[in-house]
Amino acid sequence: MKITSYCARCLKGTRFDAASSPGAVVCRRCGERRDVTISPLMRDGKVDVCALCECGHLYVEKDFSAWLGLAVILGAVAGFLWAQAFDIVLAFGFLGAAALLDGVMYRLCPLRAICYRCLATYQGARPSAEHKPYDLGVAARFASDFEERRRR
Ligand SMILES: [Zn+2]
Ligand SMILES: [Zn+2]
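About the thresholds
- Numbers given to residues run from 1 along each chain, matching the order in which its sequence is written.
- Both sets of labels track the order of writing: A upward for chains, 1 upward for ligands.
- Per-residue local features are limited, in this predicted model, to residues with pLDDT of at least 70; the limit for side-chain atom pairs, both in listing and counting, is 80 or more; totals at the level of whole chains, interfaces and linings are taken over all residues.
- Starting at the N terminus, helices and strands are each numbered in turn, a helix being any DSSP run of H or I of at least four residues and a strand any DSSP run of E of at least two.
- Each radius of gyration is computed over the set of C-alpha atoms, and the globule rule expresses the reference value as 2.2 Å times the number of residues to the power 0.38.
- With C-beta atoms placed from the backbone, a residue is buried if 20 or more other C-beta atoms are within 10 Å of its own, exposed if 12 or fewer are, and partly exposed between those counts.
- Residues are defined as contacting one another if the C-beta atoms placed from their backbone atoms lie within 7 Å.
- When DSSP locates at least two bridges between a pair of strands, those strands are taken to pair.
- These domain boundaries are the output of an automatic or database domain assignment.
- A residue's pLDDT is the confidence the predictor assigns to it, expressed on a 0 to 100 scale.

A. Quick look at the overall build of the protein chain. In terms of regular secondary structure, the protein chain is built from four helices and eight strands. Here the C-alpha atoms of the protein chain give a radius of gyration of 20 Å, more than 25% beyond the 15 Å that 2.2 N^0.38 yields for 152 residues. Its C-alpha atoms give the protein chain principal-axis dimensions of about 65 × 35 × 35 Å. Taken over 152 residues, the protein chain has a buried fraction of 16%. Of the contacts made within the protein chain by residues no fewer than 6 positions apart, 53% connect residues no fewer than 24 positions apart.

B. Structural context of the sheet that holds strand β1 (residues 2-6). Spatial strand order, β2-β1-β7-β6-β5-β8: six strands in an open sheet with mixed pairing. The open sheet has two free edges, formed respectively by β2 (13-17) and β8 (132-133), since each of these has just one partner strand. Sheet analysis places strand β5 (residues 58-62) next to strand β6 (residues 111-115), joined by five bridges and oriented antiparallel. Considered in β6, the bridge of Lys62 is made with Leu111.

C. View of the domain arrangement of the protein chain. Each assigned domain of the protein chain is listed here: domain 1 (2-62 + 110-151) and domain 2 (66-107). Placing a centre on the C-alpha atoms of domain 1 and another on those of domain 2 gives a separation of 36 Å.

D. View of the environment of Trp67. If you trace the backbone, Trp67 turns up in helix α2 (residues 66-83). For Trp67, a count of 8 C-beta atoms within 10 Å gives the class exposed. In the structure, Trp67 is positioned 37 residues away from Val104 in sequence and 16 Å away in space, judged by C-alpha atoms.

E. Broad picture of the confidence of the model for the protein chain. Mean pLDDT over the protein chain: 89, with 98% of residues reaching 70 or higher. Predicted confidence in the protein chain is weakest over helix α4 (residues 136-151), with a mean pLDDT of 78, and strongest over β1, with 94.

F. Molecular detail of unusual backbone geometry. One non-glycine residue, Leu11, lies in positive phi territory at about 70 degrees. Within the fold, Leu11 resides in the loop between β1 and β2. Residue classification places Leu11 among the exposed positions, given that 11 C-beta atoms sit within 10 Å. Despite not being glycine, Leu119 has its phi angle at roughly 65 degrees, a positive value. Tracing the sequence through the fold places Leu119 in the loop between β6 and β7 (121-123). With 16 C-beta atoms packed within 10 Å, Leu119 lands in the partly exposed category.

Below, the structure written as structure tokens:
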């Protein structure tokens, strides 16, 4: 499982492997140090609490590369423009194939878990029934927590 921690001070991402369980991550840009606590469940590939802020609220989303999706669409448009001059059926075939490919890539794409509180990302974690897709209500609660902490 790969964990990406976002620095609390400068937001720079630092990626590390949960298996190597470092005691802390040190930001390469500003030197801010954050303690890492790998729970026993996490060693097993499951995220129960965030390793960085010990928050138990995480959401899951598809680990989908938007750039890859865009590349497929652009390729399809180029194919369409090229083929429409001589074969309109083939031209539409390009668009259909792209939609299909996009759908397949999305379906096959693994999930990643993300901490609501500190946005740490867990790639390659085993799916957990407790983790739901992004919920704006939960996120808003953490956002107001963050504002409060910053004001103090
Ligand atoms: Zn930093
Ligand atoms: Zn966290």
